[in-house]
Amino acid sequence: MFPSRRKLKHNYLHSNGHTVALINCKLHSEYLTCGAAYFVAGLPERMLLYSLDGNKICLIVIPKSVRNNPTYTRLLSPLDDIKYYYAEPLGSA
């Protein structure tokens, strides 16, 4: 399954091919937060995210509003409070 969440903060998480990119991420028990996000169009409901060193970090649910966008989506938050829920549990912290 997924590795334990020893590292709770990541500067950058991405999907395979970088079709999803999340910046300044913090992992929580049921969701993650980030300060910036980029999504291409036409994504599936769930996406696996990796750290920069290639480790699987989590599987998140892509919001319907992002999946249905015909081009791409960029989100920014000065408070690092953009929230994405996990598609399945990550294991123990």
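That block above? That's the structure.
Everything quoted here is computed from the prediction, not taken from an experiment. (Residues numbered from 1 in each chain as written. Predicted model: local features only at pLDDT ≥ 70, side-chain atom pairs only at ≥ 80, totals over all residues. Heavy atoms only, no water.)

**Here we look at the overall build of the chain**
When helices and strands are counted, the chain shows 1 helix and 8 strands. Reading the chain from its N terminus to its C terminus gives the helix and strand order β-β-β-β-β-β-α-β-β. Considering only intrachain contacts with a sequence separation of at least 6, the fraction spanning at least 24 residues in the chain is 59%. (Helix = DSSP H or I, 4+ residues; strand = E, 2+ residues; numbered from the N terminus. Contact = heavy atoms within 4.5 Å.)

**Some points on the nonpolar core**
Buried together is how nonpolar side chains tend to be arranged in soluble globular proteins. Membership of the largest hydrophobic core comes to 20 residues, with the highest contact counts inside it found for Leu 22, Leu 32, Phe 39, Ile 60 and Tyr 84. Sorting the residues of this core by element identifies strand S2 (20-27), strand S3 (31-34), strand S4 (36-40), strand S5 (46-50), strand S6 (56-61) and strand S8 (82-85) as the ones contributing at least two each. It is S2 that provides the largest number of residues to this core, a total of 4 residues. Every residue in contact with Phe 39, bar those within four places of it in the chain, is listed here: Thr 19, Val 20, Leu 22, Ile 62, Val 66, Tyr 72, Thr 73, Leu 75 and Tyr 84. (Core = buried A, V, L, I, M, F, W, Y, C linked by side-chain atoms within 4.5 Å. Buried < 20%, exposed > 50% of the residue type's maximum accessible area, 1.4 Å probe, protein only.)

**Describing the side chain of Ser 77**
Along the chain, Ser 77 falls in the loop between strand S7 (72-76) and S8. Only 2.4 Å separates the side chain of Ser 77 from the side chain of Asp 81, close enough to count as a polar contact. Ignoring any residue separated from it by four or fewer positions in sequence, one finds Ser 77 in contact with Gly 35 and Ile 82. (Polar contact = N/O pair within 3.5 Å; in protein donor to acceptor, adjacent residues only side chain to side chain.)

**Observations regarding unusual backbone geometry**
Positive phi values are uncommon outside glycine, yet His 18 reaches one of about 60 degrees. Along the chain, His 18 falls in the loop between strand S1 (9-14) and S2. Residue classification places His 18 among the partly exposed residues on the basis of a relative accessible area of 40%. Phi is positive for Asn 24, which is not a glycine, with a value near 60 degrees. One can find Asn 24 in strand S2. On the basis of relative accessibility, which here comes to 32%, the residue Asn 24 falls in the partly exposed class.

**What to know about the state of the cysteines**
Covalent bonding between the sulfur atoms of two cysteines is what defines a disulfide. Applying the stated criterion to the full structure yields 0 disulfides. This cysteine, Cys 25, is not joined by any disulfide, and Cys 34 carries the nearest cysteine sulfur, 5.2 Å off. Considering cysteine sulfurs only, Cys 25 is the nearest to Cys 58, which forms no disulfide, with 7.8 Å between them. (Disulfide = S-S within 2.5 Å.)

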